[in-house]
Amino acid sequence: MTVYVIAMIMWIDQSYKVASNQMLYTSESLCQAARTMLVDSLRRTAPTNVDTAIMSKCVKLTEDDLMPSGEKI
């Protein structure tokens, strides 16, 4: 099993927020398309009276990233 998720860091002035759209994508191309639309929408609606920036990436997760049952985080 391989899935992709969108990971984002959004800066507004001196603060930041780590975010995701909480979706799983079955291919990198689907993830990249969704990421592009999401970032474009965020840029269009970003406040203009403060400094803003967005970093985003599609992250690949596989079975190797699973935590063994019972392992504490």
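Whatever comes next refers back to the structure up there.
To start, this report covers the structure provided alongside it.

Scoring rules and cut-offs
Residues numbered from 1 in each chain as written. Predicted model: local features only at pLDDT ≥ 70, side-chain atom pairs only at ≥ 80, totals over all residues. Heavy atoms only, no water. Helix = DSSP H or I, 4+ residues; strand = E, 2+ residues; numbered from the N terminus. Buried < 20%, exposed > 50% of the residue type's maximum accessible area, 1.4 Å probe, protein only. Disulfide = S-S within 2.5 Å. Patch = residues over 30% accessible without salt bridge, like charges linked within 9 Å, V, L, I, M, F, W, Y side chains within 5 Å. Areas by Shrake-Rupley, 256 points an atom, 1.4 Å probe, with all protein chains shown as cover. Salt bridge = Lys/Arg side-chain N within 4 Å of Asp/Glu carboxyl O.

What about unusual backbone geometry?
The phi angle at Asp13 is positive, at roughly 55°, despite the residue not being glycine. Mapped onto the elements of the fold, Asp13 is located in the loop between strand S1 (2–12) and strand S2 (15–19). Classification of Asp13 by relative accessible area gives partly exposed; the value is 43%. Of note in this structure, Gln22 is not a glycine but carries a positive phi near 65°. As for its placement among the helices and strands, Gln22 is situated in the loop between S2 and helix H1 (28–45).

A closer look at the state of the cysteines
Throughout the structure, instances matching the rule amount to 1 disulfide. One disulfide in the model links Cys31 with Cys58; its S-S distance is 2.2 Å. Between Cys31 and Cys58, the disulfide has an S-S torsion of -105° and is therefore left-handed. With Cys31 in helix H1 and Cys58 in strand S3 (residues 52–62), this pair connects stretches of sequence that are 27 residues apart. Side by side, Cys31 and Cys58 carry an identical accessibility label, which is buried.

Notes on a nonpolar patch on the surface
Taken together, Ile9, Trp11, Tyr16, Val18 and Met55 make up a surface patch of nonpolar side chains, about 510 Å² in accessible area. At the level of elements, S1 and S2 are the ones that each hand at least two residues to the nonpolar patch. With respect to the helices and strands, Val18 occurs in strand S2. Its relative accessible area of 60% is what places Val18 among the exposed residues.

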